[in-house]
Amino acid sequence: MREVEDISVAIVGSGGAGALTAGNLLLEAASLAGWRGLLTRTVGPQIRGGEAAALVRLASRPVECLADRFDLLIGIDWLNANRFGAEIEVGPQSLVITDPSGGDLPALVARAGARVVEVPIKDIAKAIADGRPNMVALGLAAGLLGLPEDLSCTVIAKRLKEKGETAIEASRAGLKAGIAAATGLDLSLQLIAPKPSAAPRWLVSGNETTGLGAIRGGVRFAAAYPITPASEILEWLAPNLPKVGGVLFQAEDELAAINMIIGASFGGTPAMTATSGPGLALMIEALGLATAAEIPVVVIDVMRAGPSTGIPTKSEQADLNIAVYGLHGDAPHLVLAPQSIVDCLFTTQWGVYLAEALQAPAIVLSDQFIGQAVAAIDRPADIAFIGRRTAALPQAGAYKRYAVSAGGVSPMAIPGMRGGQYTADGLTHNEFGIPTSSESDHRTQLDKRRMKLEQFAYGDHWATIEGDGELAVITWGSLTGSAREAIAKAHGSGLNIRLIAPRLLCPTQPDRLKAALDGVKRVLVVEQSHSGQFHRYLRAHYDLAKDVRVLNRPGPLPIRPSEIEQAIMQWRS
Amino acid sequence: MSSVETRSACKPGDYKSDIKPIWCPGCGDYHVLLSFTRAFAELGLVPEETVVVSGIGCSSRIPAYTKCYGFHGVHGRSLALATGLKVSRPDLTVVVASGDGDGYSIGGNHFLHACRRNIDMTYVVMDNRVYGMTKGQPSPTTEPDFDTALSPGGTGLSPFHPLVIALAAGANFVARAFSGDPNQTTSILVDAIRHPGFSFVEVLSPCVTFRPDEREWKTQMHPAPVAATSDPGKAARRIMTDDGFNIGILYRGNRRPYQAKVGSNCIDLAELEKDFAL
């Protein structure tokens, strides 16, 4: 029995088999036992009846990405599982439990040389009144991991409460039968005891922490148009915004959603919407309006594989170009990217604060991976960023809505304030907001809008910078966790690698990146985009080291820590 | 219209800004602006508690010509912007101005949903049956044989019927006005703003530059022969069978306006985390 810091488990079944439920219960029970963990789900396009897999990583410390391969793979059945065989990589050390009636092992699994054990999961479930195979699978995992049975029972009772006592009893019986079936099987791994933590624990997805960050930052109006994988943000906000005196309103399309939040924000209410690539594309024109009329709004883009409809349920980092460069005209705006499930809270809250302070639209680039993954985490510390707009004061004389000031931010009048009446306009305007086609007014307002973003003191939050090696890994967004883990492994081999991950992508921070790169001789850029959008962005705005290599590929497969580590090691030799 | 404080003894001039309109001499929209300011004065609206929202086109220039708060947004999205404003600020009086291109073509989908939602606001579409600002292309209300550079020989398409569509989609007040009759237009606007829910006013407003034939409209207009009904079936029949120059209030519904569900007690933000806790 080898003691390890983390163990990865995949539970696979056709849609309706309940693999995802089993995975969720496993993560929650392990969290109650004190472990940290992460769950992602992989599903096909079908709403019901397709294939599904719950990918769970349990660890004695917080984890922000999936491991390189799965130590334990449980197949309730393998129908269509070939379609995502590449996502459930196993190795010779892995244990694969398969139901002999569940079809053939996926080819990739069969070829891996793992230890394969047959357990009649469905037959065991059938022997129990109302027994469900997924609970037997949960029992197998819980038994092999040594999870206390009472914790699994507690979680079952909590999560299946609405299904009634009979269902709970049947599930407990399934769990126990699974644990019994695990007796005699050998995972040969043992999770080391979790590090104790005094912080309260959360079980959350990035989309949920994003919603909380928005409300904490001050958002009180959200417009919603459903889209995968962003809908959970809106569904979390729908019941929660009214509790704090806010409103969520469903729009007829994304064109309406973005204009609704501009209207709400014009009325003085901090406002946001959440969408994915196709929706962001529709919102771009109005984001230009928000830039020109200086109306703060926040748009969360939970990125999925594109272009067009792409792969709605899979992650990619390929909306960087549209977020940074998509607006027509010269339209300076904010672009931010959270780096983990925890950081979705911080970055969204900070994004609301920045948008309000700078009277500019902010695009927050989350992605499907951190958006839909669920993690057991320590409750993050509160942060002080709350949106505060510079408000105009009642005045007698003519009000200059777009007065040129030292910092570029002009006091904003809100309807209801006497003497502040002005017309917000997408037309080029003068300081009063009156339309003009004069060269000097055009230039003055362009200068003002650029200056207010460039002069702002963003502080150290602009990027994650760790370590001081001569080789720097520069990455962004949800790949930060993978890169950090790869760097930690390389450190174990005696290598000192620097990690740089900008959280603030626009406006760019050339002086700060220059300082972060001090002493760096080689740069490895890591990103999940087919064309290397992040690398091109870095090249356009920053001076990098002489030697630059790029590890980039499209979704849907996540870039695992071992790939990054390999790129680091290869370069070393 | 909101139950806000109103001011008595207001004059139309109190609502007119100093900005000189860009409209062509003889444009019907001058009289619509006059009717706006007269209606606002008659209602005693507080300028800073009134917002005029618009999209793009000749008619959409109207917000800055008033002394109210205004928003001249992007093409076709005025109703969406106004919806976000009104839902988050129900205390404001919101009037939306649009044209036949802005409102019925690029903004057509928002028109349907604004009618359906029945949020308390007034939607005024200045219909001149042509895209004026881009110099004379056919709009959704243009006649099929109207010859333009973009549609040589005419589009051959039947015009859109905004009033019956508004009615079918759920608008709570439907009226037709003629810019050349500012007294009647003012009176209709007053009623429309007072009426709860979504009020739709189609103002026939001639484009003398690209549709000189519309100068003849003044001879074709006539008052609606019967009073407004609250029966949508009757209203639909009248609107579908009239000659299109029937001026007056055609439908006054009694649907309840949309009210956002906002919790009465604002809870501590820490409460929101409770669902996250293990």
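### Here we look at the overall build of chain B
Looking only at helices and strands, one finds 8 helices and 8 strands in chain B. Computed over the C-alpha atoms, the radius of gyration of chain B is 19 Å, within 12% of the 19 Å expected from 2.2 N^0.38 for a compact globule of 278 residues. When its C-alpha atoms are laid out on the principal axes, chain B stretches across 70 × 45 × 40 Å. In chain B, which comprises 278 residues, the proportion classed as buried is 51%. Within chain B, counting contacts between residues at least 6 apart in sequence, those at least 24 apart form 70% of the total.

### Regarding the overall build of chain A
For chain A, the count of helices and strands is 18 helices and 23 strands. Taking 573 residues into account, the globule formula puts the C-alpha radius of gyration at 25 Å, and chain A, at 26 Å, falls close to it. Here chain A holds 573 residues, and the buried ones make up 57% of them.

### Quick look at the sheet that holds strand β7 (residues 222-223) of chain B
Neighbouring strands of a sheet are bound in pairs by backbone hydrogen bonds; such pairs are parallel or else antiparallel. The strand order across the open sheet formed by 9 strands is β17(A)-β2(B)-β1(B)-β3(B)-β4(B)-β6(B)-β5(B)-β8(B)-β7(B), and the pairing between neighbours is mixed. With partners counted over all chains shown, the strands left at the sheet margins are β17 (423-425) of chain A together with β7 of chain B, one partner each. Packing of helix α5 (residues 162-169) of chain B onto the sheet brings it into contact with β4 (121-127), β5 (173-178), β6 (198-204) and β8 (246-252) of chain B, and relative to β5 of chain B it is tilted by some 165°. Its contacts with the sheet place helix α8 (residues 232-241) of chain B against β5 and β8 of chain B, and it is angled at close to 160° to β8 of chain B.

### Some thoughts on the confidence of the model for chain B
With 96% of its residues at a pLDDT of 70 or more, chain B shows a mean pLDDT of 95. If you check the scores for this complex, the pTM reads 0.97 and the ipTM reads 0.97.

### A word on the environment of Tyr 65 of chain B
Residue and element names in this part refer to chain B. Examined against the element boundaries, Tyr 65 turns out to sit in the loop between β1 (50-54) and β2 (69-72). Between the C-alpha atom of Tyr 65 and that of Ser 17, which follows or precedes it by 48 residues, the distance is 5.0 Å. With near-sequence residues (within four places) excluded, Tyr 65 lies in contact with Lys 16, Ser 17, Ile 19, Pro 21 and Leu 33.

### Brief notes about the interface of chain B and chain A
Each side of the interface is counted separately: chain B has 42 residues, and chain A has 51 residues. The set of elements that each furnish at least two residues to the side of chain B that touches chain A consists of β2, α2 (78-88) and α4 (108-117) of chain B. With 8 residues, α2 of chain B is the single largest residue contributor to the side of chain B that touches chain A. Across the side of chain B that touches chain A, the residue classes break down as 24 nonpolar, 10 polar and 8 charged. Strand direction decides the pairing type here: β17 of chain A and β2 of chain B, joined by 3 bridges, are parallel. Looking at β2 of chain B, one finds that Thr 423 of chain A is bridged to Gly 70 of chain B.

### Quick look at the sheet that holds strand β12 (residues 271-275) of chain A
All names here are of chain A. With mixed pairing, the 7 strands of this open sheet are ordered in space as β11-β10-β12-β13-β15-β14-β21. Two strands close off the open sheet at either side, each with one partner strand: β11 (247-250) and β21 (504-506). Taking the axes of each pair of neighbouring strands and ignoring which way they run, one obtains an average angle of 25° across the sheet. Alignment of strand β10 (residues 221-224) against β12, held across 4 bridges, turns out to be parallel. Paired with Ala 224 across the bridge in β12 is Ala 274. Packed on one face of the sheet, helix α10 (residues 277-293) meets β12, β13 (297-303) and β15 (361-367) and runs near 160° to β13.

### Description of the domain arrangement of chain A
Residue and element names in this part refer to chain A. As assigned here, chain A comprises domain 1 (2-191), domain 2 (203-378) and domain 3 (459-572). The interface of domain 2 with domain 3 comprises 24 residues on the first partner and 24 residues on the second. Listed by contribution, the elements that provide at least two residues to the side of domain 2 that touches domain 3 are α11 (320-325), β14 (334-336), α12 (341-358), β15 and α13 (368-372). A breakdown of the residues in the side of domain 2 that touches domain 3 according to their chemical character gives 14 nonpolar, 7 polar and 3 charged.

### Regarding the pairing of β12 of chain A
All names here are of chain A. The buried count for β12 comes to 5 of 5 residues, which makes it a mostly enclosed element. Residues Ala 271, Thr 273 and Thr 275 line one face of β12 and the alternating positions Met 272 and Ala 274 line the opposite face, and both faces are buried. Following the chain from β12 across α10 to the adjacent parallel β13, one finds a crossover that is right-handed.

### Things to note about the packing of helix α9 (residues 254-266) of chain A against α2 of chain B
Their axes nearest at 6 Å, the elements α9 of chain A and α2 of chain B cross at an angle of 45°. As judged from the angle between their axes, α9 of chain A and α2 of chain B are oblique. By crossing handedness, the relation of α9 of chain A to α2 of chain B is classed as right-handed. Contacts between α9 of chain A and α2 of chain B involve Leu 255, Ala 256, Asn 259, Met 260, Ile 261, Ile 262, Gly 263, Ala 264 and Phe 266 of chain A on the former and, on the latter, Ala 80, Leu 81, Ala 82, Thr 83, Gly 84, Leu 85 and Ser 88 of chain B.

### Observations concerning unusual backbone geometry
Look at the link from Cys 506 of chain A to Pro 507 of chain A: it is a cis peptide, with omega at 0°. Cis geometry marks the peptide bond from Gly 555 of chain A to Pro 556 of chain A; its omega dihedral reads 5°. Residue position: Pro 556 of chain A is located in the loop between β23 (547-552) and α18 (561-572). Positive phi is not limited to glycine here, since Asn 118 of chain B has a value of about 60°.

Rules used in this analysis
- Residues numbered from 1 in each chain as written.
- Chains lettered and ligands numbered in written order.
- Predicted model: local features only at pLDDT ≥ 70, side-chain atom pairs only at ≥ 80, totals over all residues.
- Helix = DSSP H or I, 4+ residues; strand = E, 2+ residues; numbered from the N terminus.
- Rg over C-alpha atoms; globule rule 2.2 N^0.38 Å.
- Buried ≥ 20, exposed ≤ 12 C-beta atoms within 10 Å, placed from the backbone.
- Contact = placed C-beta atoms within 7 Å.
- Pairing = 2+ DSSP bridges.
- Axes fitted to C-alpha atoms, helices over the stretch in contact; angles between N-to-C directions.
- pLDDT = per-residue confidence, 0-100.
- Nonpolar A, V, L, I, M, F, W, Y, C, P; charged D, E, K, R; others polar.
- Domains from an automatic or database assignment.
- Right-handed = clockwise from strand over helix to strand, strands pointing away.
- Parallel < 35°, antiparallel > 145°, perpendicular 65-115°, else oblique.
- Left-handed = near helix turned anticlockwise from the far one by under 90°.

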